[in-house]
Amino acid sequence: MEIIKVKNLCKSFRITSKEHGLKAAIKSLFKSDYTIKEVVKNISFNISEGEIIGYIGPNGAGKSTTIKMLTGILVPSAGEVSVCGILPWNQRIDNGFNIGVVFGQRSQLWWDIPVYDTFNLLSKLYKLSKENYKRNLSLIIDVFELKDLLHIPVRQLSLGQRMRAEIASAIIHNPKVLYLDEPTIGLDIVIKRKIREFIKRINKDFNTTIILTTHDVSEIEKVCNRVIVIDKGELIYDDSLKQLKDRFSRINEIEIKLDNAPQGIMDLQSENINIRVKEHTLKVKYSKEIKPIDIINKVAINNKILDFNINENDLEEIIHSIYVARNN
Ligand SMILES: Nc1ncnc2c1ncn2[C@@H]1O[C@H](COP(=O)(O)OP(=O)(O)OP(=O)(O)O)[C@@H](O)[C@H]1O
Ligand SMILES: [Mg+2]
């Protein structure tokens, strides 16, 4: 079932051009100069229930703006959005029951009150039954190790502690859709891993649909099955992670360690396969049409293989090359 539908979504901002000086200030009282900046341009995608989507793109690409429209915080300039059958910016309260959202760059917690009180307030806002609240609370306390933090005011928490509380408060009502906009920014690897595990867990246990924005490529690789890439407000890629690698990775390398001095391997050399030999080790570069197992099989005919290692183009390199290609 498609839980999020986005069709021809656009967002433009009116930017007032500000000149300096008294003269300009007086002039602006009568006439304001402005330009229109298009930051999301005609984006369309559908997301099925239970998917984990990596929504990626360079700084300023329009990711947060898209998420703000999907959550109903911003009204689009044009286009259609439906989240769980709801038009987010028209039915913000109904929409709020279905979604959870975390903006890593901005806190949504009440600074002066302890985390536990925030959870209690939210449970009332979301009209959670006692049983559901109890169940959800014990899950999030357990997953995010919040037991010792519950009675501390948010302003006294460290960044990592606060982010755990932010995510916990975004999912206290067990939303169908969770938007995570850079949830791990500035966090250490231990907490990052915890958050990754949590994303996978709620997706598995509750079939929660998740849209994750991050600049950490390894995070995308570890949790997402599909990636949507945007750049300068345009959607430039939407498919599985595997397709992204297959389509954009240009060259792969395999390193083969032999027990003997290499024998009869130069026959393998071709337009698509390049071999370098260093003592008993082969470094074979091959283009994406070639299967590494075919190379290994052919080398094994005349040699004894001790070990091998396949170095595929890593995702970071692929994504970097997509961004760079679009700017040249
Ligand atoms: N309220 C606003 N008024 C004017 N311009 C805005 C506003 N909000 C965002 N923008 C502009 O829209 C563009 C997209 O911003 P957005 O925050 O969506 O980018 P992003 O992809 O989330 O980037 P980042 O990776 O840096 O978080 C930027 O050029 C930004 O300056
Ligand atoms: Mg952003």
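Look a little higher up for the structure.
Attention here is on the structure that accompanies the text. Note that the structure is a prediction, hence the values are computed from the model and not measured.

## Details of the overall build of the chain
Link 1 in the chain: The number of helices and strands found in the chain is 11 helices and 13 strands.
Link 2 in the chain: Referenced to the eigenvectors of the C-alpha coordinate spread, the extents of the chain come out at roughly 75 × 60 × 40 Å.
Link 3 in the chain: In the chain, which comprises 328 residues, the proportion classed as buried is 45%.
Link 4 in the chain: Within the chain, contacts between residues at least 6 apart in sequence are counted, and of these 71% link residues at least 24 apart.
Link 5 in the chain: Carbon and sulfur atoms make up 50% of the accessible area of the chain, which totals about 18,000 Å².

## What about the nonpolar core?
Link 1 in the chain: In this structure, F119, F144, F198 and L244 are the most contacted members of the largest nonpolar core, which totals 51 residues.
Link 2 in the chain: Top element by residues in this core is helix α5 (residues 130-143). It accounts for 6 residues.
Link 3 in the chain: Those residues in contact with F119 that sit more than four places away from it in its chain are Y133, L137, I140, L146, L150, A165, A168, S169 and I172.
Link 4 in the chain: Core analysis: the second largest hydrophobic core is formed by 27 residues, I4, F45, V101 and F103 among them.

## Regarding the packing of helix α4 (residues 115-125) against α5
Link 1 in the chain: Where α4 meets α5, the closest approach of the two axes is 11 Å, and the angle between their N-to-C directions is 145°. Relative to α5, α4 is oriented so that their crossing is right-handed. Contacts between α4 and α5 involve Y116, F119, N120 and S123 from the first element and Y133, L137 and I140 from the second.

## What to know about the sheet that holds strand β5 (residues 99-103)
Link 1 in the chain: Within the open sheet, the 6 strands sit side by side as β5-β6-β7-β3-β8-β9. Their pairing is mixed. Pairing within the sheet leaves two strands with one partner each, and these edge strands are β5 and β9 (234-240). With strand direction ignored, the average angle separating the axes of adjacent strands in the sheet is 15°.
Link 2 in the chain: Two strands pair when backbone bridges link them, and strand β3 (residues 52-56) and strand β7 (residues 209-213) are joined in this way by 3 bridges, in the parallel orientation. Bridged to I53 within β7 is I211.
Link 3 in the chain: Packed on one face of the sheet, helix α9 (residues 241-248) meets β8 (226-231) and β9 and runs near 110° to β9.

## Concerning empty space enclosed by the protein
Link 1 in the chain: By the definition in use, this model includes 2 cavities of 30 Å³ or more.
Link 2 in the chain: A volume near 50 Å³ is recorded for the largest cavity.
Link 3 in the chain: Surrounding the largest cavity, N136, L139, I171, N174, I202 and F206 form its lining.
Link 4 in the chain: Among the elements of the structure, α5 and α7 (189-206) are those that each provide at least two residues to the lining of the largest cavity.
Link 5 in the chain: Residues of the lining of the largest cavity, tallied by class, amount to 4 nonpolar, 2 polar and no charged.

## Regarding the layout of surface pockets
Link 1 in the chain: For the largest pocket, the calculated volume is near 610 Å³.
Link 2 in the chain: Contributing to the lining of the largest pocket are 21 residues, with G96, V101, Q108, L122 and Y126 lying nearest its centre.
Link 3 in the chain: Counting residues per element, the lining of the largest pocket draws most heavily on helix α3 (residues 92-98), at 5 residues.
Link 4 in the chain: Partitioning the lining of the largest pocket into residue classes produces 12 nonpolar, 7 polar and 2 charged.

## Some words on the environment of K7
Link 1 in the chain: Within the element layout of this structure, K7 appears in strand β1 (residues 2-16).
Link 2 in the chain: Along the primary structure K7 and L74 are separated by 67 residues, whereas in three dimensions their C-alpha atoms are 16 Å apart.
Link 3 in the chain: The contacts of K7, once residues within four sequence positions are left out, are I43, S44, G79 and E80.

Cut-offs and rules
- Residues numbered from 1 in each chain as written.
- Chains lettered and ligands numbered in written order.
- Predicted model: local features only at pLDDT ≥ 70, side-chain atom pairs only at ≥ 80, totals over all residues.
- Heavy atoms only, no water.
- Helix = DSSP H or I, 4+ residues; strand = E, 2+ residues; numbered from the N terminus.
- Buried < 20%, exposed > 50% of the residue type's maximum accessible area, 1.4 Å probe, protein only.
- Contact = heavy atoms within 4.5 Å.
- Areas by Shrake-Rupley, 256 points an atom, 1.4 Å probe, with all protein chains shown as cover.
- Core = buried A, V, L, I, M, F, W, Y, C linked by side-chain atoms within 4.5 Å.
- Axes fitted to C-alpha atoms, helices over the stretch in contact; angles between N-to-C directions.
- Left-handed = near helix turned anticlockwise from the far one by under 90°.
- Pairing = 2+ DSSP bridges.
- 1 Å grid on protein atoms, 1.4 Å probe; cavity = no way out; pocket = protein on both sides within 12 Å on 5 of 7 lines; lining within 4 Å.
- Points joined across faces, edges and corners; volume = space filled by probe spheres on them.
- Nonpolar A, V, L, I, M, F, W, Y, C, P; charged D, E, K, R; others polar.

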